[in-house]
2 protein chains.
Amino acid sequence: MQLSRRADYGIRLLLELSMLPEGSRTSTEEIANKQRIPITFLSKIARQLAQAGLVRAYPGLGGGLELGRDPRSLTMLDAIQALEGPIAIARCTLHPHECPRSAFCPMHQVWKKMEAQMVDELSRITFDQLAQAETRAIAG
Amino acid sequence: MQLSRRADYGIRLLLELSMLPEGSRTSTEEIANKQRIPITFLSKIARQLAQAGLVRAYPGLGGGLELGRDPRSLTMLDAIQALEGPIAIARCTLHPHECPRSAFCPMHQVWKKMEAQMVDELSRITFDQLAQAETRAIAG
DNA sequence: CGAAACCCCGACTATTATACTCCGAAATGC
DNA sequence: GCATTTCGGAGTATAATAGTCGGGGTTTCG
Ligand code: FES
Ligand code: FES
């Protein structure tokens, strides 16, 4: 029941990018140093986020990473889904047909409801909000 | 972000016990067969639940398992906490001091809130409700 | 008493998921 | 053409999960 490091790191990366002035870039290495994340691992995560379209990556001198979407509409849900796949507490909600109990299982809807709540909550949190909150916290 | 099999199996065990007529018992083996769970594994889980007081176990002929608490006040939260430990989405909410970012981390309260929601939701679901729902579903 | 039906306990193994590492290649800009 | 940076995939290490095994107890019944 815990978020993986992959997700943790990926979220921090997105947050760093969200705090950047509009239009500027930074390298994976810089973020890795700042956040104390193994750089090789982080670069892999960055690629994953690039493939999902959440960041844009430019190779070469002066290249680096920038956010692929407007931070005001980029949500925690987008991030977690890109990093960890769909929100699914129980195996059964993802593959109901594989469970012989699914026809009469009373837990099924419990999980479904909880997942829906999580999705709802996560989709409310934008990286723009997070970035502003962090900026304020550092300043204050 | 997924429930372990341990929790899955444990919950099913508790549900089976909740569906039993008041005061009667059943053996670990019966539940294992019914639910297609490896019996050696399930017996280990049963022990864990016994130690947490959620079930009572009696050795000997005519022994077996019975619920350790009133199913009307036994909640899904109790079960999951006994089986998986505390509800904690992020490492940081459990061990804030270990994270150098905790002072200004904007995600921290997001996780906290989600955990609180989960706790709240899970604590509303009693095994009595679940047992009734399943009984109805099988009958209907 | 002795056998059968149960659970207790701890150590062990197997399997899978996670968390990384490495390296050659390709793009980019000076 | 050289430094910088991402890309891609293969490989390894570590840890968590899932499951096994064998010996030992307790209780009930005949
Ligand atoms: S649907 Fe499979 S255990 Fe509930
Ligand atoms: S408190 Fe550690 S990353 Fe937020």
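The structure we're discussing is the one just above.
An account of the accompanying structure is given in this report.

Here is what the cut-offs are and how they apply
Each chain carries its own residue numbering, running from 1 in the direction its sequence is written. Here chains are named by letter from A upward and ligands by number from 1 upward, in the order in which they appear as written. Residue-level local features of this predicted model are given only where pLDDT is at least 70; pairs of side-chain atoms are given and counted only at 80 or more, and the full residue set underlies all totals for whole chains, interfaces and linings. Water and hydrogen atoms were dropped before computing side-chain values, which therefore reflect all heavy atoms in the structure. Any two residues whose heavy atoms approach within 4.5 Å at even a single point are treated as in contact. Buried surface area refers to the total accessible area, computed with a probe of radius 1.4 Å, that the two partners give up upon joining, counted for both partners together. We count a salt bridge whenever a side-chain nitrogen from Lys or Arg sits within 4 Å of a carboxyl oxygen from Asp or Glu. Contacts described as polar in this section are N or O atom pairs within 3.5 Å, which, within protein, must combine one atom able to donate a hydrogen with one able to accept it, while residues neighboring in sequence count only if both atoms come from side chains. A helix here means a DSSP run of H or I that spans at least four residues, while a strand means a run of E at least two residues long, and both kinds are numbered starting from the N terminus. Residues are grouped as follows: Ala, Val, Leu, Ile, Met, Phe, Trp, Tyr, Cys and Pro are nonpolar; Asp, Glu, Lys and Arg are charged; all remaining types, including Gly, are polar. Ring pairs shown here join Phe, Tyr and Trp side chains whose ring centres sit within 6.5 Å, with only the six-membered ring taken for Trp; geometry is labelled stacked below 30 degrees between planes, edge-to-face above 60, and tilted in between. Lysine NZ or arginine CZ positioned within 6 Å of the ring centre and within 35 degrees of the ring normal marks a charge as sitting over the ring. Fitting of the copies onto one another was done by least squares over C-alpha atoms, counting residues only where both copies have pLDDT of at least 70. Strands were regarded as paired on the criterion that DSSP finds at least two bridges between them. We define a nonpolar core as any set of buried Ala, Val, Leu, Ile, Met, Phe, Trp, Tyr and Cys residues linked to one another through side-chain atoms lying within 4.5 Å. Relative accessible area decides the class of each residue, using a 1.4 Å probe on protein chains only: under 20% of the type maximum gives buried, over 50% gives exposed, and in between gives partly exposed. A single heavy atom is enough: if one lies within 4 Å of a molecule or strand, its residue is considered near that molecule or strand. Multiply 1.5 Å by the residue count of a helix minus one, and that product is the helix's expected span. Taking the helix axis as origin, the arc is that swept by the directions to the C-beta atoms.

## What about the interface of chain A and chain B?
Counting from both sides, the interface comprises 34 residues of chain A and, opposite them, 34 residues of chain B. Summing both sides of the interface, chain A and chain B together bury roughly 3,600 Å²; the carbon and sulfur share of this comes to 65%. When the buried area of chain A at its contact with chain B is split by residue, Met1(A), Gln2(A) and Arg91(A) rank highest and sum to 20% of it. Among the salt bridges present, the one from Glu121(B) reaches Lys113(A), with a minimum N-O distance of 3.3 Å. Counting the contacts that link chain A with chain B gives ten residue pairs in polar contact (both at pLDDT 80 or more). Residue assignment for the side of chain A that touches chain B shows that the elements contributing at least two residues are α1 (5–19), α4 (76–84), α6 (107–124) and α7 (127–139) of chain A. In terms of residue count, the dominant contributor to the side of chain A that touches chain B is α6(A) (nine residues). Per-class residue counts for the side of chain A that touches chain B are 22 nonpolar, four polar and eight charged.

## Observations regarding the packing of aromatic side chains
Each aromatic ring pair is summarised here by two numbers: the centre-to-centre distance and the angle between the ring planes. All names here are of chain A. Applying the stated criterion across every chain, the model contains two aromatic pairs over all chains. On the numbers, 5.8 Å between centres and 80 degrees between planes, the contact of Tyr9 with Phe41 is edge-to-face. On the criterion of sequence distance, the pair formed by Tyr9 in helix α1 and Phe41 in helix α3 (residues 39–51) is long-range, its members being 32 residues apart. Above the face of the Tyr58 ring, Arg25 is positioned so that its terminal group lies 3.7 Å from the ring centre.

## Description of the relation of the copies chain A and chain B
The two copies are related by a screw operation: chain A maps onto chain B through 180 degrees of rotation and 0.0 Å of translation along the axis, at an RMSD of 0.2 Å. The two molecules are tied by a two-fold rotation axis, judged by turn and shift. Of the C-alpha atoms belonging to chain A, the one lying closest to the rotation axis is found on Met1(A), 2.4 Å away. Comparing contact sets, 100% of the residues at the interface of chain A also lie at the interface in chain B, consistent with an isologous, same-surface contact.

## A word on the pairing of strand β2 (residues 64–67) of chain A
Residue and element names in this part refer to chain A. In the sheet, strand β1 (residues 55–58) pairs with β2 via four bridges, with the strands oriented antiparallel. Note that in β2 the partner of Val55 across the bridge is Leu67. Hairpin geometry of β1 and β2 is characterised by an intervening segment of five residues between the two adjacent antiparallel strands and by a positive phi of about 90 degrees at Gly60.

## Quick word on the nonpolar core
Counting 78 residues, the largest nonpolar core has Ile11(A), Met76(A), Trp111(A), Ile11(B), Met76(B) and Trp111(B) as its most contacted members. With residues up to four places along the chain from it excluded, the contact list for Met76(A) reads Ile11(A), Leu122(A), Ile125(A), Phe127(A), Leu130(A), Met107(B) and Trp111(B).

## Describing the protein's contact with DNA strand D
Near DNA strand D there are 23 residues, and of these Thr28(A), Arg47(A), Arg5(B), Phe41(B) and Lys44(B) occur at the shortest range. Among atoms of DNA strand D positioned within 4 Å of the protein, sugar and phosphate together represent 61%. Between DNA strand D and Gly60(A) there is a distance of 3.1 Å, counted from a base oxygen to a backbone nitrogen or oxygen. Separating a base oxygen of DNA strand D from a backbone N or O atom of Leu61(B) is a distance of 3.2 Å. Going through the elements one at a time, α3 and β1 of chain A together with α1 (5–19) and α3 (39–51) of chain B are the ones with two or more residues in the surface near DNA strand D.

## Details of the protein's contact with DNA strand C
For DNA strand C, the set of nearby residues contains 24 residues, the closest of which are Arg5(A), Lys44(A), Leu61(A), Thr28(B) and Arg47(B). The sugar-phosphate backbone supplies 61% of the atoms of DNA strand C found within 4 Å of the protein. In this structure, a phosphate oxygen belonging to DNA strand C sits 3.0 Å away from a side-chain N or O atom of Thr40(A). In this structure, Lys44(A) approaches DNA strand C through a side-chain N or O atom, which is 2.3 Å from a base nitrogen. Every element with two or more residues in the surface near DNA strand C is listed here: α1 and α3 of chain A together with α3, β1 (55–58) and β2 (64–67) of chain B. Among the residues making up the surface near DNA strand C, the classes are represented as ten nonpolar, eight polar and six charged.

## As for helix α6 (residues 107–124) of chain B
All names here are of chain B. Between its first and last C-alpha, α6 extends 26 Å over 18 residues, near the 26 Å set by a 1.5 Å rise per residue. Those residues of α6 that fall on the buried side of the exposure criterion are Met107, His108, Val110, Trp111, Met114, Glu115, Met118, Glu121 and Leu122. Looking down the long axis of α6, one finds its buried residues gathered within 165 degrees of arc, a one-sided arrangement. Those residues of α6 that are exposed and aimed more than 90 degrees away from the buried face are Gln109 and Arg124.

## A short note on α7(A)
Taking 1.5 Å as the rise per residue, α7(A) with 13 residues should run 18 Å; its terminal C-alpha atoms sit 18 Å apart, in good agreement. Taken together, the buried positions of α7(A) are occupied by Phe127(A), Leu130(A), Ala131(A) and Glu134(A). Looking straight down α7(A), one finds that the buried residues subtend no more than 100 degrees of arc, so they occupy a single side. Seen from the open side of α7(A), the exposed residues pointing more than 90 degrees away from its buried face are Arg136(A) and Ala139(A). Those residues of α7(A) hidden inside the fold are in contact with α1 and α4 of chain A together with α6 of chain B.

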